[in-house]
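Structure at a glance
In case you want the letters, here they are:
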Amino acid sequence: MIRDDYEMVIGLEVHCELSTKTKIFCSCPTEFGGEPNTHCCPVCMAMPGTLPVLNEKVVEYAVKAGLATNCSISQNSKNDRKNYFYPDLPKAYQISQYDKPLCNHGHVSIETPEGEKDIRILRIHIEEDAGKLNHDEYGRGSFVDLNRAGVPLIEIVSEPDMRSAEEAESYMRKLKSILEYIEVSDCKMQEGSLRADVNVSVRKKGSTEFGTRTEMKNMNSFRSIVRGINYEAERQIELIENGEAVTQETLRWDDISGRTFSMRDKEDAQDYRYFPDPDLVAIKLSDEYIENIKKALPELPESRKKRYMEEMDLSEKAANFVTSSKYYSNIFDEATEKCNNPKAVSNWLMSDIAKVLNEREEEADKIPFSGKELGELIELIDKGTISNSIGKKVLNELFENPKAPSKIIEEKGWVQISDEGAIKEVVIKVLENNPQSVADYKAGKDKALGFLVGQAMKETRGKANPQMLNKMFIEELKK
Amino acid sequence: MNITDLTVHELIDLLDKKEITSQEIVKAYADRIDEKEKDVQAFVTVTTDDASKMAEKIDSEGRNGKFSGIPIGIKDNINIDGVKTTCSSRMLENFVSPYNATVIDKLHAEGLISLGKLNMDEFAMGGSTEHSYFHNTCNPWDLNKVPGGSSGGSAAAVAANLVPWALGSDTGGSIRQPASFCGIVGLKPTYGLVSRYGLVAFASSLDQIGPLTKDVTDSAMLLNLIAGYDEKDSTSVNIEKKDYTKALVKDVKGLKIAVPKEFLAEGVNEEVKNAILEAAETYKKLGATVEECSLDIGKEALAVYYIIACAEASSNLGRFDGIRYGYRAENFDNLREIYINSRTEGFGPEVKRRIILGTYVLSSGYYDAYYKKAQKVRTVIRDEYQRLFEKYDIILTPTSPTVAFGIGEKSNNPLEMYLADICTVPVNIAGVPGISIPAKLDSNGMPIGIQLIGKHFDEETLFRAAFTFEQEVKFRANNKPEFKK
């Protein structure tokens, strides 16, 4: 939390690697990893004389992202060269888009404590990723790996509309969720396929002018985004309060020390000498092309949320949770189709399943079982085949070794005893062994019933149908 | 019969009649190179040993097509897998290419055999081949004169019978001007007709690969081989494939030819001017309509050219940074010094001059005044050609305001060197095709070339007009380079 009399102004430039099969300007695979320089060809290694050819899928994916974030799609667009020298940039220019991006002026809405809020998107453009430098730990030099060079990216530039680290996190989560829904990126932050440059400035509340901003480069976890923003805002406020000026600069956030470091100073301000790439032709999109992509877009979170609340009677909180990730939402749809009990499905997702993921420090994409399996589990509980507490054990099994829940309970012998004869036997045995409790019950102590039921459960190792037990005890005690 | 005197279409006739083998042809050229290369110095890399093996293979396995077993020379900025591509630069002195240019793939598919890589101005920047890092190339008509440039090695090799034909590249006249200086035929095709994939880029929006040949027939045949859409080059144009040899008809009746007066004005050598006027008379005599017209774009075109070409070059040549391939300075203490020292030591003065110019015109604050404005003027120039081509089929101009000049004569005066491009540069700016064909020798025995300019993708009309002129004046039959020392 920052001082009450200040507010933060935050804008994000989000880089998202697209999950096309091939690179943006050649046919090398985009696959993550691999031995250094094995996913390369003369084109992405910038051999003299090679030429780029734009991968049309990249345009399609970027248009999808634009439509899903309410952008207007530019029918006349082009590629520009951004010139600078760095060993991970083999051509000494990055092919990007300068003054005519593919998508303009969109927005996404986020949840805040004050309600829904729109974050405006200035633009989305396509560009190529750079390679990677591996610095030798013994100081023998740096090694260039060009596997990532030419992997397609979209850069989503927001307006400076966020006012807290939490809003920035919500926005980033929302973008991630949308990009996952429309299947243009795997959004694996730990692999760098989703990362953000975060611009932060502070100003006195009520002021309409922006303060001097700093930019933290390449933030690739929600946690570091939140920590980085809070650190940076506090640092800036302290400077201002001490009568010093904030320097506009590029910073590197260090997760271990929890502070930012300056990357380059002002004297080094780069002139990228943007100009249209003469090796590529203009990108022209017809109305029909854009319309076809629009038609093929999957159902987006906003619409799913509405459907869940209106047709399935979920609370807003539950609907928000379920739609927060494509993976939750898809499991929810599948499970509900199977068991026809949306409330139970959302409860399982929000409580037990989220808890396990949390313990494992994993995201929803790591859920190892299908929605159908979850649906079956709920169905088994609803039918009384297993109890709720057995259900939780089945869920743990699903995480460890996913297979059909009916098979799990069969193999583990967890089927609930619902046979009247068998239950009666247990009930009579427990009554015989606990005369004091019987007497207590008859003397009006209702609590004694719970004890007797507990004993019966113990006797059956939890497999007896609790409702039937209850009913039978009452009947027997009345005799 | 002297094999190396023959044109390619003459060689093909002999091969077809089995009067000659591919090995004999390659041997004749290897011997000729042994004899004359020391005087002309057209090559950077000679690959006649590999060529002999290829010829042997073709002779024993049989020819699989018309051009199978025919040798060719390649300008040293076009990539051949496994062969050095130096661009006549220290920067790429030891660079062995890992891939084939599209034009090379096409030639290989037809069974053509490369005799080697030909000298040029460093990275194709220059008009005399004096900017080669390795050595000058001499003009076969007078060894004290330059062969022109930047495809000077290609032109000199064809003129000196060191190769039967060659590929060059033309960004502002780099095929046509050396062809003119060396008394041979040089074609710059319409921008987009020939794939640029594998041609080391100088200025991407202007570069085209084209043929340098002994006569117009060979030019049309070589264009047949290299033209066509290439999915690896987004700027190549997908048009129907043509057989340009069908245009080789001696007939210009009804053809409308324009002679822009501005291209015969001050600065153009008197003998060159007269050669153009004579050519105009020849065309008239053969039944064409020839009219004087106005095309007042020379100065602007030159300015536009040196802005756009340098801007693109400054970016295209960024990849020569000493990191992945090419020259790396031995002494450096940090990354910045790898870049600065490698590029300082690896590039020659002309290349550096153009990189600096190009960097300047793209800089923020200057972009609008130079690069953006140049693009606008480029459109105006294109429209000017369009306007003329509504009325005429062909524009006739000199290829160069002068004949070949002496080695060392202009090398210390870059501006004068730039002005020599005034006749050829506008053609690249407009993207239209242009061909240079030899007309006559001047009083000192140096060739004078005439330039014919055609409409976009109308190489046929160019070939028809060029062929007709060639058949009429019979330059090649009457004149031979003398290797004057």
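All of the points below concern the structure found in this document.

Rules behind the numbers
- Residues numbered from 1 in each chain as written.
- Chains lettered and ligands numbered in written order.
- Predicted model: local features only at pLDDT ≥ 70, side-chain atom pairs only at ≥ 80, totals over all residues.
- Heavy atoms only, no water.
- Helix = DSSP H or I, 4+ residues; strand = E, 2+ residues; numbered from the N terminus.
- Rg over C-alpha atoms; globule rule 2.2 N^0.38 Å.
- Buried < 20%, exposed > 50% of the residue type's maximum accessible area, 1.4 Å probe, protein only.
- Lys, Arg positive; Asp, Glu negative; His and termini not counted.
- Charge placed at Lys NZ, Arg CZ, Asp CG, Glu CD.
- Core = buried A, V, L, I, M, F, W, Y, C linked by side-chain atoms within 4.5 Å.
- Contact = heavy atoms within 4.5 Å.
- Axes fitted to C-alpha atoms, helices over the stretch in contact; angles between N-to-C directions.
- Parallel < 35°, antiparallel > 145°, perpendicular 65-115°, else oblique.
- Nonpolar A, V, L, I, M, F, W, Y, C, P; charged D, E, K, R; others polar.
- Pairing = 2+ DSSP bridges.
- Salt bridge = Lys/Arg side-chain N within 4 Å of Asp/Glu carboxyl O.

1. What to know about the overall build of chain B
Helix and strand content of chain B: 16 helices and 11 strands. Over its C-alpha atoms chain B spans a radius of gyration of 21 Å, differing by no more than 12% from the 23 Å that the globule rule assigns to 485 residues. Across the 485 residues of chain B, 64% fall into the buried class. In chain B, which carries 56 positive and 67 negative side-chain charges, the distance between the mean positions of the two groups comes to 2 Å.

2. A short note on the nonpolar core
Counting residues in hydrophobic clusters, the biggest one holds 108 residues, and the most contacted among them are B:Leu107, B:Trp165, B:Leu167, B:Ile226, B:Leu452 and B:Phe463. Apart from residues no more than four positions distant in its own chain, B:Ile226 is found in contact with B:Val103, B:Lys106, B:Leu107, B:Leu167, B:Val194, B:Ile209, B:Gly210 and B:Pro211.

3. Notes on the packing of helix 9 (residues 298-316) of chain B against helix 11 (residues 349-362) of chain B
All names here are of chain B. Helix 11 packs onto helix 9 with a crossing angle of 100 degrees between their chain directions and a minimal axis gap of 7 Å. Relative to helix 11, the element helix 9 lies roughly perpendicular. Contacts from Tyr305, Tyr306, Ile307, Cys310, Ala311 and Ser314 in helix 9 reach Arg354, Ile355, Leu357, Gly358, Thr359, Val361 and Leu362 in helix 11. Here the residues of the contact of helix 9 with helix 11 are counted per class, giving nine nonpolar, three polar and one charged.

4. Here's the deal with the sheet that holds strand 15 (residues 275-276) of chain A
Residue and element names in this part refer to chain A. Here we have three strands laid out as an open sheet, ordered 5-4-15, and antiparallel in their pairing. Bordering the open sheet on either side are strand 5 (93-96) and strand 15, each of which pairs with just one other strand. Of the strand pairs in this sheet, strand 4 (residues 80-83) and strand 5 are connected by four bridges, and their pairing is antiparallel. The residue of strand 5 that forms the bridge with Asp80 is Ser96.

5. Thoughts on the sheet that holds strand 11 (residues 447-453) of chain B
Residues and elements named next belong to chain B. Taken together, 11 strands build an open sheet; the order of strands is 1-3-2-4-6-5-10-11-9-7-8 and the sheet is mixed. Edge positions in the sheet fall to strand 1 (43-46) and strand 8 (289-293), since each has one partner strand and no second. Between one strand and the next, the sheet's axes are offset by a mean angle of 30 degrees, whatever the strand orientation. Where strand 1 meets strand 3 (residues 113-118), three bridges bridge the pair, whose relative direction is antiparallel. Bridged to Thr45 within strand 3 is Lys117. Running at roughly 165 degrees to strand 3, helix 3 (residues 48-61) makes contact with strand 1 and strand 3 of the sheet. Docked against the sheet, helix 8 (residues 270-285) engages strand 7 (256-260), strand 8, strand 9 (394-398), strand 10 (434-441) and strand 11, running at close to 55 degrees with respect to strand 11.

6. Quick look at the pattern of salt bridges
All told, the structure shown has 59 salt bridges over all chains when counted by the stated rule. Salt bridges here are not isolated pairs; linked through shared partners, they connect A:Arg81, A:Asp277, A:Asp279, B:Arg196 and B:Asp233.

None of the figures reported here should be taken as evidence of function without further support.
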